[in-house]
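Observations on the three-dimensional arrangement
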Amino acid sequence: LLTVSFLQKTVLRYYVFEGMRYIWMPRKGAFCRVSILSEGWTYADLHRFQQGMSQAEQSSRFVLNPFYMFQVFSIILWMSERYYYYAVCILIISFLSIAVSLYEIRKQSTTLRRMAQLIVNVTVRRATGEEECVSSVDLVPGDCVVIPSEGLLLPCDAALLAGECMVNESMLTGESVPVMKTPLPFSGGAYTPESQRRHTLFCGTHIIQKCAVIRSFLWLPFTMCMHFWFFTAKGDLVSSILYPQPLNFRFYKDAMKFLLFLGVLALIGTIYSVVMLYKSNTPWAELVIRSLDIVTIVVPPALPAAITTGTIYAQNRLKKKGVFCISPPRINISGKISLFCFDKTGTLTEEGLDVWGVKVVNGSGFDELVPDPRLLPDGPMLSGLASCHSVALLEGQPIGDPLELKMIESTGWVWATFGTHRILAVMRPLAAEFQPEGISISQPVAIVRRFPFSSTLQRMSVVTVGPGGGSACCFLKGSPEMVASYCVKESVPSQFTNTLREFASEGFRVLALAYRELDAQTDLSSLEREDIETEMRFLGLLVMKNQVKPESPGVISTLRQAQIRPVMVTGDNILTALNVAHACRMVLPHEQVFFVHASPPTVNSMASLRFHQGEGGTGTVSTQETMDILEQYHLAINGKSFAVLCDHFPEYLPKILMRGTVYARMSPDQKTQLVKALQNLNYRVGMCGDGANDCGALRAADVGVSLSEAEASVASPFTSKTDNISCVPLLIREGRCSLVTSFSLFKYMALYSLIQFSSVVILYTVKTNLADLQFLFCDLFLVTLLAIVMGRGGPSDELHPQRPPASLLSVPLLCALLIHTLLLIVTQVSVLLITISQEWYIPLNSTRTGPQNLPNMEDTGVFDVSGFQYILMSIIVTKGYPYKKPLYYNGAILKEHLGKMYIL
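Criteria and thresholds
Residues numbered from 1 in each chain as written. Predicted model: local features only at pLDDT ≥ 70, side-chain atom pairs only at ≥ 80, totals over all residues. Heavy atoms only, no water. UniProt positions renumbered as here; feature names shortened; annotations may be inferred. Helix = DSSP H or I, 4+ residues; strand = E, 2+ residues; numbered from the N terminus. Buried < 20%, exposed > 50% of the residue type's maximum accessible area, 1.4 Å probe, protein only. Areas by Shrake-Rupley, 256 points an atom, 1.4 Å probe, with all protein chains shown as cover. Axes fitted to C-alpha atoms, helices over the stretch in contact; angles between N-to-C directions. Parallel < 35°, antiparallel > 145°, perpendicular 65-115°, else oblique. Left-handed = near helix turned anticlockwise from the far one by under 90°. Contact = heavy atoms within 4.5 Å. Pairing = 2+ DSSP bridges. Phe/Tyr/Trp six-rings, centres within 6.5 Å; stacked < 30°, edge-to-face > 60°. Core = buried A, V, L, I, M, F, W, Y, C linked by side-chain atoms within 4.5 Å. Patch = residues over 30% accessible without salt bridge, like charges linked within 9 Å, V, L, I, M, F, W, Y side chains within 5 Å. Salt bridge = Lys/Arg side-chain N within 4 Å of Asp/Glu carboxyl O. Expected span 1.5 Å × (residues − 1). Polar contact = N/O pair within 3.5 Å; in protein donor to acceptor, adjacent residues only side chain to side chain. Nonpolar A, V, L, I, M, F, W, Y, C, P; charged D, E, K, R; others polar. pLDDT = per-residue confidence, 0-100.

The name that an unreviewed UniProt entry assigns to the protein is P-type ATPase A domain-containing protein, with the source organism given as Pygocentrus nattereri. The UniProt entry for the protein carries the following comment under Sequence similarities (unreviewed entry): "Belongs to the cation transport ATPase (P-type) (TC 3.A.3) family. Type V subfamily."

Below is the structure:
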């Protein structure tokens, strides 16, 4: 704990834990994270910082292995026993191991530091209006940074106060599509980076372009620094790598318990050895050495390294197939997955969509479907399709959401320059000679304000003007239900619900558009989202077809056959999601689906819960029918009902979650909440997604798989370069293979210790022990090499319905170890007795003890049979079917077995 006198005025008390600084806050009476200096700011507070801070204010904010010990002990003990060869070999191996470990730690630390520490020069605006170039190390919360035209690799989390930026966030989210960031509104409550992601630039992300207009009147964007170092979103992810949370996996817990059991066994063996050696009048010094030697035999120091062998092999095999892992212990956990959640768009279905047509409102109904938007007459629907988007130009190429790119492409409109207004983008129709026959559109539109799409809000909006700044309009685009809720009731056609249900049930992706004309006197620069997204006029529906990826049905069928529940979690319409669920065999044709409708309480009614076999149905079912539904049928739930279930029907939530197959209109936070709720039901949950909206769920899941072109992303433990879910069964098969290999190696190392323990204790009873080179041969050239090649066996080609066990302390396993140990002891004792009973037997010199009376026949007999026991046990515990390929596929272990047996 440090107390620092700062500027001779302020006394600051703080401490540092896991890279984060905690300062003493007198008003709270507690130590708080230093990031509290930038918490609680409102939107208005942040915009006041746009003028910059004074130098004085800026200055006031500027503060803010036991394993090797065991090896050393063992080496000293062996040297005292004159096991020189063995001690020297272990000493050399230990030094090499320490050197390699230090090299790897240094290499990883350097790599992580290079990724975590980002020092660049930035331009900061001061309160005097001057701009100053400073190092990012000198930035403090509240600094106003000017983003240059060539872009910037951001060194901190910052709120965007003015201008627009196109940002590459693939390092944080795994999302390869750049994201458009827009300025923070002037009005609003308290600012938090997570709730205002569209207005926040995160540390480590690359600002590749500011705005999309190519004119000299483009203004420079400003950002206000919020968080630094470990307090940024990137810092939080780096911290999770440096200081990972303990994995709640039974295998690792049981491994530590079993080591304690071996420790107790070592104590018993030590007591037995003391008694036996004391009876033979062994000197006290030698008695102590012999007793301590038992400890180095019973507790195998190579056990932790041995059980990770299978994981290392699995990680290398996954890397060769394009699956990268930043958390190797989770490979074993993937072998226990019992439920896998999938995002829909871009994961189960193709990323791109094809425009199927447009349904335009005509009076109180819809016109016929127009298959080509270019055939639409000049009007707000066509202008809305061409301008209501967040696409930008980068080096002449449009970048943005694939859906919006397809939408713009279908209109035939292109980017252009326009007037002298401060604008974001200009869209114009094609030249007259390239327009469809009978269509003549000549007026371009300019986007002057943009409120980007949010998965939570399910909508986006823009403000556009015509030539000369006239004809100001605002357009709204989003989910049909959300858009309709912001429109005047008379403008929404009476067949809206039926038309939407018809398209959604056929698997189409449907978006709705609305618009409103603005007064000529309206100050467009000061408009907020709430000002324009009201009293809108419904324009129509954009219908798009999203095809299921060809790999999805086969993978889902494989998971179902392996008794792994597939679940869809999407932000799309529930009927569209259900159609995709049928198409990818998540729901089979003969299986029934019930929709869950949960309504919150109102002034005149209590909260209600209903089940219907068709979306939009009415009526209720009896209690017995409800129980049958919860036990037999698939359930489909939307985000609103899920929220009501969590708040008002917690007693039904577990049973609904156990039958829920389709979760639609789910916000990113609800996806994360769902994953955690399933984990509370003792499911081992996997999550597969491809975008930033899934980032929270990917990190919350036991096994998160991000489909990304990046080689590795801190967004999830696993990153797959393939753009489909075929990596999921591969990962589960490798996880099962790694888990059973870890089991096999754990049992083998335990049996190896027990075999050698039995040999030493038996030989102690006849006043002898194994020789130096015998220990060396068994430990280094026999057991170690066998353990290495045992882990090489690859996974089975099929997923078996039964998952491998995860407990090392189960009754069958302990009984098997006990029986094996008894047989091993009986075999060694029998060999000793048979040797003694032979006519050619020559007794050892009983006046000498330990290695001093070597060689002798007792030692030779016990050593030879123990060598064969090591080999036989490696075959017995190497479990193959149904999680690994049979033993004869592992050529290395067969060669090793034959070679060792030949030597013996």
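Here the narrative resumes, following the displayed structure.
**Section: the overall build of the protein**
The helix and strand inventory of the protein stands at 28 helices and 35 strands. Within the protein, the fraction of its 904 residues that count as buried is 55%. In the structure as shown, the protein presents an accessible area of about 40500 Å², 58% of it carried by carbon and sulfur atoms.

**Quick notes on the UniProt feature "transmembrane region" (unreviewed entry) in the protein**
Sequence positions flagged by UniProt for "transmembrane region" (unreviewed entry) are, in local numbering, residues 62-79, 85-105, 258-278, 745-766, 773-791 and 811-836. Secondary structure across residues 745-766 comprises 95% helix and 0% strand; the distance between its end C-alpha atoms is 32 Å.

**A few points about unusual backbone geometry**
Here the phi dihedral of Gln458 falls at roughly 65°; this positive angle occurs in a residue that is not glycine. You can see Gln458 is positioned in the loop between β23 (445-454) and β24 (459-465). With a phi close to 50°, Arg665 is a non-glycine residue in the positive phi region. Tracing the backbone shows Arg665 in the loop between β32 (660-664) and α22 (668-679).

**What to know about the packing of helix α24 (residues 727-765) against helix α25 (residues 772-790)**
Two numbers describe a pair of packed helices, the interaxial angle and the distance between the axes. Close contact between α24 and α25 brings their axes to 10 Å; oriented N to C, the two are set at 165°. When the axis of α24 is compared with that of α25, the two are roughly antiparallel. Both α24 and α25 take part in a crossing whose hand is right-handed. Each of Thr741, Ser744, Leu745, Tyr748, Met749, Tyr752, Gln756 and Val760 in α24 lies in contact with α25, whose residues at this interface are Phe775, Cys778, Asp779, Val783, Leu786, Ala787 and Met790.

**Some points on the sheet that holds strand β30 (residues 608-612)**
The 10 strands lie next to each other as β15-β35-β34-β33-β16-β28-β32-β31-β29-β30, forming an open sheet whose pairing is mixed. Strand pairing shows two members of the sheet lacking a second neighbour, β15 (323-325) and β30, which therefore form its edges. Averaged over neighbouring strand pairs, the angle between their axes works out to 20° when direction is ignored. Sheet topology note: the strand β34 (residues 703-707)/strand β35 (residues 718-720) ladder contains three bridges and is parallel. By the bridge assignment, Leu707 is partnered in β35 with Ser720. Contacts from helix α18 (residues 574-583) reach β28 (565-569), β29 (593-599), β31 (634-638) and β32, with the element oriented near 140° to β32. Sitting on the sheet, helix α20 (residues 639-648) is in contact with β29, β30, β31 and β32, with an inclination near 95° to β31.

**A look at the environment of Lys671**
Its place among the elements puts Lys671 in helix α22. A C-alpha to C-alpha distance of 9.5 Å links Lys671 and Cys341, two positions 330 residues apart in sequence.

**A short note on the packing of aromatic side chains**
What the rule picks out here adds up to nine aromatic pairs. Residues Phe475 and Tyr515 carry aromatic rings whose centres are separated by 6.2 Å and whose planes lie at 25° to one another, so their mutual orientation is stacked. On the criterion of sequence distance, the pair formed by Phe475 in strand β25 (residues 473-478) and Tyr515 in strand β26 (residues 508-517) is long-range, its members being 40 residues apart. By relative accessible area, Phe475 is classed as buried at 2%.

**Observations regarding the nonpolar core**
Core analysis: the largest hydrophobic core is formed by 45 residues, its most contacted members being Tyr748, Met749, Leu751, Leu808 and Tyr870. If you tally residues by element for this core, the top one is α24, at 17 residues. If you look at the next biggest cluster of nonpolar residues, it comprises 43 residues, including Cys325, Ile333, Ala562 and Met568.

**Concerning a nonpolar patch on the surface**
A grouping of Ile825, Val829, Leu833 and Ile836 is seen on the molecular surface, where their side chains present a nonpolar patch of about 290 Å² in accessible area. Residue placement: Ile825 occurs in helix α26 (residues 811-836). In this structure Ile825 comes out as partly exposed when scored by relative accessible area, which is 31%.

**Details of the pattern of salt bridges**
With the rule as written, the count across this model stands at 13 salt bridges. Residues Asp354 and Lys406 are paired through a salt bridge, measuring 3.5 Å at the closest nitrogen-oxygen approach. Here the residue Asp354 occupies a position in strand β17 (residues 354-362), and Lys406 occupies one in helix α13 (residues 402-411), the gap between them amounting to 52 residues. A cluster of three or more residues bridged by salt bridges with shared partners is formed by Lys344, Glu481, Arg509, Asp572 and Arg665.

**As for helix α10 (residues 309-320)**
For α10, with 12 residues, the first-to-last C-alpha span of 17 Å sits near the 16 Å given by 1.5 Å per residue. Listed as buried for α10 are Thr309, Gly310, Thr311, Ala314, Arg317 and Leu318. Looking one or two places after α10, you find Gly322, whose phi comes out positive at around 85°.

**Comments concerning the pairing of strand β33 (residues 685-689)**
Summarising burial for β33: five of the five residues are buried, a large majority. Every second residue of β33 is oriented toward a common face, with Val685, Met687 and Gly689 on one face and Gly686 and Cys688 on the other, all of them buried. Relative to β33, strand β16 (residues 339-342) runs parallel, the two sharing four bridges. Bridging across to β33, Phe340 finds its partner in Gly686.

**Thoughts on the side chain of Asn856**
You can see Asn856 is positioned in the loop between α26 and α27 (857-877). The exposure class assigned to Asn856 is buried, which follows from its relative accessible area of 7%. A polar contact is formed between the side chain of Asn856 and the side chain of Thr768, at a distance of 3.0 Å. Within polar-contact distance, the side chain of Asn856 engages the backbone nitrogen of Asp859 at 2.7 Å. Those residues in contact with Asn856 that lie beyond four places of it in its chain are Thr768 and Leu844.

**Description of α27**
In an α-helix, one full turn covers 3.6 residues, which means residues spaced three or four apart are oriented alike. The end-to-end C-alpha separation of α27 is 30 Å, in line with the 30 Å expected for 21 residues at 1.5 Å each. The distance from a side-chain oxygen at the start of α27 to the backbone nitrogen of Glu858 is 3.3 Å, and the residue carrying that oxygen is Asn856.

**Considerations on the packing of α24 against α26**
One way to put it is that α24 packs onto α26 with a least axis distance of 10 Å and a crossing angle of 30°. For the pair α24 and α26, the crossing hand works out as right-handed. Contacts between α24 and α26 involve Phe743, Lys747, Leu751, Leu754, Ile755, Ser758, Ser759 and Ile762 on the former and, on the latter, Leu813, Leu817, His820, Thr821, Leu824, Ile825, Gln828, Val829 and Leu832. Among the residues forming the contact of α24 with α26, the class breakdown is 11 nonpolar, five polar and one charged.

**A look at the confidence of the model for the protein**
As a note on interpretation, predicted positions should not be read in detail where pLDDT is low. Summarising the model, the protein shows a mean pLDDT of 76, and 69% of its residues fall at 70 or more. pLDDT under 50 marks residues 60-68. Its contacts with residues more than four places away, or in other chains, come to 23 contacts. Per-residue pLDDT stays below 50 along residues 211-220; that stretch engages in 33 contacts with residues further than four places along the chain or on separate chains.

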